[in-house]
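The lines below spell out each chain.
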Amino acid sequence: MDCIIFGFDEGKLKVLIGRRQMDPGRGEWSLYGGFVAADESINDAANRTVAELTGLNNLYMRQVGAFGSIDRDPGERVISIAYYALINVKDYDERLRLDHGVEWVNIEELPKLYSDHNEMIRKARKLMCQKLRTEPVGFRLLPDLFTLTQLQRLYEAVNGEELDKRNFRKRIKDMDFIEKTELIDKTGSKRGAFLYRFNKRAYHDDPNFKL
């Protein structure tokens, strides 16, 4: 079981990786993973593995697929099921991150990872991009209150390309489930920017959402 933990911070899409603590590949950059116990399903194993790493439960998580090239592990024949999860970086306890020896790394600056872990991340990102067009899963990466600039930066980071500001905001205004609040974020400028939030109930009443 290998888990790809995506986070969004400082306008960048990031992934949790660490130095491998076992042979083969000890010391190489790697995803966090583990073995499936005899008495648990692969979904349960994925949830357990992510909870051990992050201390968080009930996260948005989806299966990426099975990776089973014959020579993918130099030690023995190993087939891995990969999952990706989305978390708000601010919800992750910094002490827990240090205990596990993992780091948030910009997805555009990832080093060569152990075995086929780079391939796992590429496939997970592609699946997330597809999901983002039909479901507002990106809100799992944002704080409860966010600016439209933050939201646009998130979509740009996930898709790996810039979006036209005017067109993006025009689409957002047509989405009733993105609510404008009276609160203002002044961290970026003296004038500040209005904060928005995601309304789950309104989203479920809008089956035609597409961005």
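In this report, the structure presented in the accompanying data block is examined. (Residues numbered from 1 in each chain as written. Predicted model: local features only at pLDDT ≥ 70, side-chain atom pairs only at ≥ 80, totals over all residues. Heavy atoms only, no water.)

Now for unusual backbone geometry. Of the consecutive residues D23 and P24, the connecting peptide bond is found in the cis state with omega at -5 degrees. With respect to the helices and strands, P24 occurs in the loop between β2 (12-19) and β3 (29-30). The phi dihedral of E10 falls on the positive side, at around 55 degrees, and the residue is not glycine. Turning to its location among the elements, E10 is positioned in the loop between β1 (2-9) and β2. We classify E10 as exposed; its relative accessible area is 68%. Of note in this structure, S115 is not a glycine but carries a positive phi near 50 degrees. (Helix = DSSP H or I, 4+ residues; strand = E, 2+ residues; numbered from the N terminus. Buried < 20%, exposed > 50% of the residue type's maximum accessible area, 1.4 Å probe, protein only.)

Looking now at the pairing of β1. Most of β1 sits out of view: 8 of its 8 residues are buried. Residues D2, I4, F6 and F8 of β1 are buried on one face, and the alternating residues C3, I5, G7 and D9, pointing to the opposite face, are buried as well. Of the strand pairs in this sheet, β1 and strand β4 (residues 32-33) are connected by 2 bridges, and their pairing is antiparallel. For C3, the partnering residue across the bridge sits in β4 and is Y32. For β1 and strand β6 (residues 80-86), the ladder comprises 5 bridges, and the chain directions are parallel. Residue I4 lies in a different strand from β6, and its bridge partner there is Y84. As paired elements, β1 and β2 share 4 bridges and run antiparallel to each other. Following the sheet pairing, G7 is matched in β2 by K14. Where β1 folds back on β2, the antiparallel hairpin that results is connected by 2 residues, among which E10 adopts a positive phi of roughly 55 degrees. (Pairing = 2+ DSSP bridges.)

This part takes up the pattern of salt bridges. Under the definition given, this model contains 13 salt bridges. Across the salt bridge formed by R26 and D23, the nearest N and O atoms sit 3.3 Å from each other. When sorted by exposure, R26 lands in the same class as D23, which is exposed. In this structure, R197 engages E179 in a salt bridge whose closest nitrogen and oxygen atoms are separated by 3.2 Å. On the criterion of sequence distance, the pair formed by R197 in strand β9 (residues 193-198) and E179 in strand β8 (residues 178-185) is long-range, its members being 18 residues apart. By relative accessible area, R197 is classed as partly exposed at 42%. E179 gets classed as partly exposed once you look at its relative accessible area, which sits at 25%. If you follow the salt bridges from partner to partner, you end up with D9, E10, K14 and K90 in one network. (Salt bridge = Lys/Arg side-chain N within 4 Å of Asp/Glu carboxyl O.)

Next up on the list: the environment of R26. Tracing the chain through its elements places R26 in the loop between β2 and β3. For the pair formed by R26 and Y114, sequence separation is 88 residues and the distance between their alpha carbons is 9.2 Å. Excluding residues that lie within four positions of it along the chain, R26 makes contacts with R20 and Q21. (Contact = heavy atoms within 4.5 Å.)

Let us now look at the packing of helix α3 (residues 117-132) against helix α4 (residues 148-159). Working note: a packed helix pair is described by the angle between its axes plus the distance between those axes. Between α3 and α4, whose axes approach to 9 Å, the crossing angle comes to 140 degrees. In terms of orientation, α3 and α4 fall into the oblique class. Of the residues in α4, those touching α3 at R125, M128, C129 and L132 are Y155, A157, V158 and N159. (Axes fitted to C-alpha atoms, helices over the stretch in contact; angles between N-to-C directions. Parallel < 35°, antiparallel > 145°, perpendicular 65-115°, else oblique.)

Let us now look at the packing of aromatic side chains. In this structure the tally under the stated criterion is 7 aromatic pairs. Aromatic pair Y60 and Y84: ring centres 6.3 Å apart, planes at 50 degrees, arrangement tilted. Of this pair, Y60 sits in strand β5 (residues 60-67) while Y84 is found in strand β6, placing the two residues 24 residues apart along the sequence. Judged by centre distance (4.5 Å) and plane angle (10 degrees), the rings of F139 and F198 are stacked. With F139 in the loop between α3 and α4 and F198 in strand β9, this pair connects stretches of sequence that are 59 residues apart. Relative accessible area serves as the criterion here: at 11%, F139 is assigned to the buried category. Sitting above the plane of the Y114 ring, R20 keeps its charged end 3.9 Å from the centroid. Stacked on the ring of F194, the Lys or Arg K180 has its end atom at 4.1 Å from the ring centre. (Phe/Tyr/Trp six-rings, centres within 6.5 Å; stacked < 30°, edge-to-face > 60°. Lys NZ or Arg CZ within 6 Å of the ring centre and 35° of its normal.)

Any functional reading would require information that these geometric values do not contain.
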